[in-house]
Amino acid sequence: MLVITRREGEEVVIGDPANPLGVVRIASIKGDRVRIAMDFPREVAVHRKEVASQIATSGPAIAGKIRPVTE
């Protein structure tokens, strides 16, 4: 695992810098919350870990049925 320190507004380029696969930017930091902005082509799947786990166990058909937990 690669661990990189970034400040708000700074970016990480994924892939070849001349033709990157995507860019991850630290959008904001407020207390213990970090907002991350990801810029990837539509054909690249990007999921939160808990959603990716559900897709892995239930298959891709569940992807459109997952809803956030309401409190």
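Attention here is on the structure that accompanies the text. (Residues numbered from 1 in each chain as written. Predicted model: local features only at pLDDT ≥ 70, side-chain atom pairs only at ≥ 80, totals over all residues. Heavy atoms only, no water.)

**Focus on the sheet that holds strand 1 (residues 11–16)**
Strand pairs in the sheet, formed through backbone hydrogen bonds, run parallel or antiparallel to each other.
Item 1. Spatially, the 3 strands line up as an open sheet ordered 1-2-3, and their pairing is antiparallel. Every other strand in the sheet has two partners, leaving strand 1 and strand 3 (33–39) as the edge strands with one partner each. Ignoring which end each strand starts from, the neighbouring axes of this sheet average 20 degrees apart.
Item 2. Here strand 1 runs beside strand 2 (residues 19–30); their pairing, made up of 6 bridges, is antiparallel. Bridge pairing links Val12 to Val24 in strand 2. (Pairing = 2+ DSSP bridges. Helix = DSSP H or I, 4+ residues; strand = E, 2+ residues; numbered from the N terminus. Axes fitted to C-alpha atoms, helices over the stretch in contact; angles between N-to-C directions.)

**Section: a nonpolar patch on the surface**
Item 1. A cluster of nonpolar side chains, Ile29, Val34, Ile36, Met38 and Val46, forms an exposed patch at the surface whose accessible area comes to about 430 Å².
Item 2. The element that contributes the greatest number of residues to the nonpolar patch is strand 3, accounting for 3 residues.
Item 3. If you trace the backbone, Ile36 turns up in strand 3. (Patch = residues over 30% accessible without salt bridge, like charges linked within 9 Å, V, L, I, M, F, W, Y side chains within 5 Å. Areas by Shrake-Rupley, 256 points an atom, 1.4 Å probe, with all protein chains shown as cover. Salt bridge = Lys/Arg side-chain N within 4 Å of Asp/Glu carboxyl O.)

**A closer look at the environment of Arg6**
Item 1. Along the chain, the position of Arg6 falls in the segment before strand 1.
Item 2. Exposure remark for Arg6: the relative accessible area of 34% places this residue in the partly exposed category.
Item 3. With 19 residues separating them in the primary sequence, Arg6 and Arg25 have C-alpha atoms 8.7 Å apart.
Item 4. Aside from chain neighbours lying at most four places away, what touches Arg6 is Glu11, Val12 and Ile26.
Item 5. A polar contact of 3.5 Å, which involves the side chain of Arg6, links it to the side chain of Glu10.
Item 6. Of the polar contacts made by the side chain of Arg6, one reaches the backbone oxygen of Glu11; its length is 3.3 Å. (Buried < 20%, exposed > 50% of the residue type's maximum accessible area, 1.4 Å probe, protein only. Contact = heavy atoms within 4.5 Å. Polar contact = N/O pair within 3.5 Å; in protein donor to acceptor, adjacent residues only side chain to side chain.)

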